[in-house]
Amino acid sequence: VSQQKAYTTSFIIAGPIVHSEDIRALTIIEHGFIAVVRGKIVSVCRNTEKLMQTQQEYGIEDVNVYYLNEGEFVMPGFVDTHIHAPQYPNAGLGYDKQLLDWLTTYTFPLEKKYVDVDFAIGVYESVVRKTLASGTTTATYFATIHYESSLFLADIVERLGQRAFIGKVNMNHGTPEGYGEHIYDSFTCTEQYIRNIQCKRNELVQPIITPRFALNCDMQLMMLLGELAAKYNVHIQTHISESTGEVAAVQKLYPQCRNYADVYDRAGLLTNKTVLAHGIHLSDDELKVLAARGTSISHCPNSNTSLKSGLCDVRRLLDTGIKVGLGTDVSGGYSISILNAIRSALQTSTHIFFKKHQGSGYIPLSYHEAFYLATLGGAKALSVDDKTGNFKVGKDFDALIVNMRKPGPIDILDKTDIKDLIQKFLYTGDDRNISKVYVAGRQVK
Ligand code: GUN
Ligand code: FE
C-alpha cells in the first residue's frame, strides 16, 4: 500500500449524475453533486444548493470542486465479473474452434507460457492498464496455475489501483502436457496464495478460489477447495454449462451426479460468494439450486457468440432470482471492454426475443437493465455491493467521468439531454469518452 498519498481522495464532483438503485430504472440527477471524503461517498445531492455548506463541513477547498462541462456526466465504474488476464494476447484469435477444441488448440498453449514471470508481468501490466482505461473499476480475474505469476498480477493490480478478485487456477485432471498440477501441490499452493494475498495487499485486492471447471479438476480437489473457501471465507469462481459438448462430458465423468450444478454442489463449491461463468445450458432444476445457494452467474455474451457456445437467457436467470453480472471472458470474448459486453448482452437478448413465438410476452433487455448489470448487478453478483456498484452514501467512490463531446467514435451534432448522452455512450462510446476513472476516490486514469 502506498503510504504517501500524492492524490487527494477528498473532493466534490458537480454536474449530471447517473446510477442504478435497482434494475427497474436508472436514477438520473440532472445537476447535483457527490462529495467524497477519503475515498468514500459522504453525500449525494439532487441540486447544488448545499454545495458550499458541504465544502465547509468536510473542509474541501475550492480547487477540489470539479464542475462537469456540457456533454459530461459521472456514473459508477464498470464491474467485469469474468476475465482471463493471461488470455489477452489471444483476444480476437481462434474463433474457428468451439470451447473444448479452442482450449486445447489456443488457450492451454498460451497459458503454459506464464511459468515465465517476465512474460507474465508484461501482459498483466497491459491488461490492467487497458481494463482501467476502459472503465473497469472492479475485475474478477482468472490467472493461470502458476503461483508466482499470479502474485505478480496481484502486485500490478494493487499498484495501478483497481479493485479486483484474482484467482490462481487449479487443474489436476485431463490436463495437457506441461500444464497441470498434482492434487497436493494444487491445494497447498492455493492455501499459500490465499494467505499471501490476504496479509500483504490493500483491501481492494482479494483472492478467489478458481478451479478451472469440472473437466479439469477431480472431485477430491474440488472438495478440498470448497473447504479452503470456508476456512478463509473467500470467493469462488469457475465455469458452468457453457457448451453442450462440455455438459455431455461432465455428465459422463460424474455419472453419480444429477447434473452439472450438482457436481459443484457436492464439492461444496456453490456458496453465496460463488460466481459461475456462462450458465447457458442450465436446466430449471439447476437454476433453483443456484438461487437457493445464492450463487451468481457471470453473463459473457461476446464469448458465448464468438465460441458459438449458445444464447444465454439473462431474463430467465433474473426471473429465477439469480444474481447476474457481465463478463468480458477475454479471450473467449474478443473485447476487454464492458461497454462491449453491454452491447453484446442487448443483442443476445434481442436474438432470444426473435426466437420466441409471437405473444410470448418476452421482453428483451433494455439499455437501463444492461447498465444495471454492468454496475450494481455485477457488484451484487460479487457481494461487494456494500462497497461499490452505485453512488450510495457510505460506499467507496468507484466512478467514471464520461465526456460525450470529446473526440470519440461519433460526433454529437444535435442538442442532447442527459438521457440521450447515456444511451449514446452505451451504444457508441469507447475508452476515448472515459476521461477519468476513480477507484475508492483515487484517480486511476
Ligand atoms: N472453460 C474452462 N476454461 C475456460 C476458459 O479459459 N475460457 C472459457 N470461455 N471457458 C472455459
Ligand atoms: Fe472464462
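Before going into details, it helps to say that this report is about the structure given with it. (Residues numbered from 1 in each chain as written. Chains lettered and ligands numbered in written order. Predicted model: local features only at pLDDT ≥ 70, side-chain atom pairs only at ≥ 80, totals over all residues. Heavy atoms only, no water.)

Moving on, we get to the nonpolar core. The biggest cluster of nonpolar side chains holds 111 residues, and the ones touching the most others in it are Phe73, Tyr141, Tyr264 and Phe425. Both domains that furnish three or more residues to this core are identified here as domain 1 (11–76 + 390–443) and domain 2 (78–381). Sequence-distant contacts of Phe425, defined by excluding residues within four places in its chain, comprise Phe73, Met75, Phe78, Leu339, Arg343, Val402, Met404, Asp430, Asn433 and Ile434. Counting residues in each nonpolar core, the second largest holds 14 residues, with Ile13, Ile17, Leu68 and Val74 among its members. (Core = buried A, V, L, I, M, F, W, Y, C linked by side-chain atoms within 4.5 Å. Buried < 20%, exposed > 50% of the residue type's maximum accessible area, 1.4 Å probe, protein only. Domains from an automatic or database assignment. Contact = heavy atoms within 4.5 Å.)

Time to look at helix 1 (residues 51–58). Taken together, the buried positions of helix 1 are Leu51, Thr54 and Gln55. Taken around the axis of helix 1, the buried residues stretch over an arc of 105°, which confines them to a single face. Residues of helix 1 that are exposed and angled more than 90 degrees away from the buried face: Met52, Gln56 and Glu57. Where helix 1 is buried, its residues touch strand 1 (11–22), strand 2 (25–37), strand 3 (40–45) and strand 4 (65–67). Positive backbone phi, at 65°, marks Gly59, one or two positions downstream of helix 1. (Helix = DSSP H or I, 4+ residues; strand = E, 2+ residues; numbered from the N terminus. Arc of directions from axis to C-beta.)

Right, let's get into the coordination of the iron ion (ligand 2). His82 (NE2), His84 (NE2), His239 (NE2) and Asp329 (OD) make up the full set of protein donors to the iron ion (ligand 2), lying at 2.1 to 2.2 Å. Each of the four donor atoms bound to the iron ion (ligand 2) contributes to angles spanning 88 to 172°, and the resulting shape is irregular. Going along the chain, you hit the donors of the iron ion (ligand 2) in the pattern H-x1-H-x154-H-x89-D. Here the residue His239 occupies a position in strand 11 (residues 235–240), and Asp329 occupies one in the loop between strand 14 (324–326) and helix 12 (338–355), the gap between them amounting to 90 residues. Residue classification places Asp329 among the buried residues on the basis of a relative accessible area of 3%. (Donors = N, O, S within 2.8 Å, 3.2 Å for Na, K, Ca; no water. Tetrahedral: all angles 85-135°; square planar, octahedral: opposite > 155°, others 65-115°.)

Applying the stated criterion across every chain, the model contains 18 salt bridges. Between Glu125 and Arg129 there is a salt bridge whose closest N-O contact spans 2.8 Å. Note that Glu125 and Arg129 are positioned in helix 3 (residues 117–133) at a spacing of four residues, about one turn of the helix. For Glu125, a relative accessible area of 18% corresponds to the buried category. Since its relative accessible area comes to 48%, Arg129 is described here as partly exposed. Arg316 is paired through a salt bridge with Asp284; the nearest N and O atoms lie 2.9 Å apart. (Salt bridge = Lys/Arg side-chain N within 4 Å of Asp/Glu carboxyl O.)

A few words now on the side chain of Thr295. Counting through the fold element by element, Thr295 comes out in the loop between helix 9 (284–293) and strand 13 (296–299). Beyond its immediate sequence surroundings of up to four residues, Thr295 is in contact with Leu270, Thr271, Asn272, Thr274, Leu276, Leu290 and Ile322.

Inspection of the region around ligand 1 gives His84, Gln87, Leu99, Trp102, Leu103, Arg212, Phe213, His239, Glu242, His278 and Asp329 as its neighbouring residues. Between ligand 1 and Gln87, the relevant distance is 2.8 Å, taken from an oxygen atom to a side-chain nitrogen or oxygen of the residue. One nitrogen or oxygen atom from the side chain of Glu242 is found 2.7 Å from a nitrogen atom belonging to ligand 1. A total of 280 Å² of accessible area belongs to ligand 1 in isolation, and the protein chains cover 100% of it. If you tally residues by element for the shell around ligand 1, the top one is helix 2 (residues 99–112), at three residues. (Near = heavy atom within 4 Å. Polar contact = N/O pair within 3.5 Å; in protein donor to acceptor, adjacent residues only side chain to side chain. Areas by Shrake-Rupley, 256 points an atom, 1.4 Å probe, with all protein chains shown as cover.)

This next bit is on the environment of Thr8. Within the secondary structure, Thr8 sits in the segment before strand 1. With sequence-adjacent residues up to four places away left out, Thr8 is seen in contact with Asn64, Tyr66 and Gly441.

Let's shift gears to unusual backbone geometry. Put simply, Val330 and Ser331 share a cis peptide bond, and its omega is 0°. With respect to the secondary-structure elements, Ser331 resides in the loop between strand 14 and helix 12. The phi angle at Lys308 is positive, at roughly 55°, despite the residue not being glycine. Looking at the secondary structure, you find Lys308 in the loop between helix 10 (301–306) and helix 11 (314–319). Take Lys308: its relative accessible area is 48%, and that puts it in the partly exposed class. Its identity is not glycine, yet Ala440 carries a phi of approximately 50°, on the positive side. Tracing the backbone shows Ala440 in the loop between strand 16 (434–439) and strand 17 (442–443).

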